[in-house]
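# Residue-level structure breakdown
One letter stands for each residue in the lines below.
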Amino acid sequence: MKAANGTLFDKDGNPKPAILRGIERALDIQRPLIIANIDRLRRRHPEASPAELTRLLERDYLRATTVAGAAVGATAAVPAVGTLAALGLSGAATIGFLEATALYAESVAELHGVRIQDPERSRTMVMAILMGEEGTALIRSVLGSSAGQGAPQYWGQLVNKSAPASLVKTLTGSIQRRFVKKFLAKQGGFMLGRALPFGVGAVIGGTGNHLMGKAVIRTTREAFGPLPQTLPGELAEVLQLPEPHARKKRA
């Protein structure tokens, strides 16, 4: 456990700068990649509605994160891979889980008509989703107080659309501090679990990622609510363009 925590925190218990930079980069998914992710599914299922595309996104996200967690955990069963090396791979898997979560959540946002333009807003949204009930309660409380009314039911669209930039900065600072402590503390345990030998790491890695992935899906649904019947106008226009022009527009 000491080795696992040492990978994430310094001697004073603060997250290491490299870890913080890695988290920020992992959560900063560029829109062309999000569009390509949706386009990939739509080409395979051209008649699919936004709700059907979202179910496919959920399936692929849960499958990918579960398999990745199990694969990293399985390395600990290889005799040539030591505990510290396994912990290093487990740390990389943590960043991979964040990247997959950001891509999934922001793809769902696009299907709701929320165009991802501001990296700070998108990171705040993804961190809140990863925090689950705590993140949802914090955002709904702040947004509700700012508007002078009850907490909004579907906060995902407000964070990325109508919330003032000053309010988003306040939200980002508050959520980031809580997120880093909570997420990294949980990951320290998962990192240790994935590094266990004799195949135990594979079971813990796969099961842990599967449970976290299901929680992410549940919170994302709560954040955005019902999907539109058809693709939002701007997204539909981008997806219908021929590939060379689509790339130029996305850039």
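A quick note: this is a predicted structure, and the numbers were derived from the prediction, not measured. (Residues numbered from 1 in each chain as written. Predicted model: local features only at pLDDT ≥ 70, side-chain atom pairs only at ≥ 80, totals over all residues. Heavy atoms only, no water.)

### Observations regarding the overall build of the chain
A count of helical and extended segments in the chain gives 12 helices and zero strands. The linear arrangement of helices and strands in the chain, starting from the amino end, is α-α-α-α-α-α-α-α-α-α-α-α. Expressed as a percentage of the 251 residues in the chain, the buried residues total 47%. For the chain, the exposed surface amounts to about 12300 Å²; the carbon and sulfur share of it is 58%. (Helix = DSSP H or I, 4+ residues; strand = E, 2+ residues; numbered from the N terminus. Buried < 20%, exposed > 50% of the residue type's maximum accessible area, 1.4 Å probe, protein only. Areas by Shrake-Rupley, 256 points an atom, 1.4 Å probe, with all protein chains shown as cover.)

### Some remarks on the environment of Val-67
Along the polypeptide, Val-67 turns up in helix α4 (residues 50-75). Among the residues examined, Val-67 registers a relative accessible area of 53% and is labelled exposed.

### Focus on the nonpolar core
With 54 residues, the main nonpolar core has Met-125, Trp-155 and Phe-179 as its most contacted residues. Looking at this core, the element that brings in the most residues is helix α5 (residues 83-111), giving eight residues. (Core = buried A, V, L, I, M, F, W, Y, C linked by side-chain atoms within 4.5 Å.)

### Digging into the packing of aromatic side chains
The full count for this structure, using the stated rule, is two aromatic pairs. Residues Tyr-61 and Phe-97 carry aromatic rings whose centres are separated by 6.4 Å and whose planes lie at 45° to one another, so their mutual orientation is tilted. Of this pair, Tyr-61 sits in helix α4 while Phe-97 sits in helix α5, placing them 36 residues apart in sequence. Each member of the pair, Tyr-61 as well as Phe-97, carries the same accessibility label: buried. Centre to centre, the rings of Tyr-61 and Tyr-104 are 4.8 Å apart; their planes meet at 10°, and the pair counts as stacked. (Phe/Tyr/Trp six-rings, centres within 6.5 Å; stacked < 30°, edge-to-face > 60°.)

### Points about helix α11 (residues 233-240)
Where α11 is concerned, the buried positions are Leu-235, Ala-236, Val-238 and Leu-239. Taken around the axis of α11, the buried residues stretch over an arc of 165°, which confines them to a single face. Opposite its buried face, α11 presents the exposed residues Gly-233 and Gln-240, each directed more than 90 degrees away. (Arc of directions from axis to C-beta.)

### Looking at helix α6 (residues 119-131)
Three or four residues apart is the spacing at which side chains of an α-helix point the same way, because the helix has 3.6 residues per turn. In this model α6 runs 18 Å from its N-terminal to its C-terminal C-alpha over 13 residues, within 8% of the 18 Å that 1.5 Å per residue would give. Across the 13 residues of α6, 11 count as buried, placing the element largely inside the fold. By the burial criterion, the buried members of α6 are Arg-121, Ser-122, Arg-123, Thr-124, Met-125, Val-126, Met-127, Ala-128, Ile-129, Leu-130 and Met-131. The distance from a side-chain oxygen at the start of α6 to the backbone nitrogen of Glu-120 is 3.0 Å, and the residue carrying that oxygen is Asp-118. (Expected span 1.5 Å × (residues − 1). Polar contact = N/O pair within 3.5 Å; in protein donor to acceptor, adjacent residues only side chain to side chain.)

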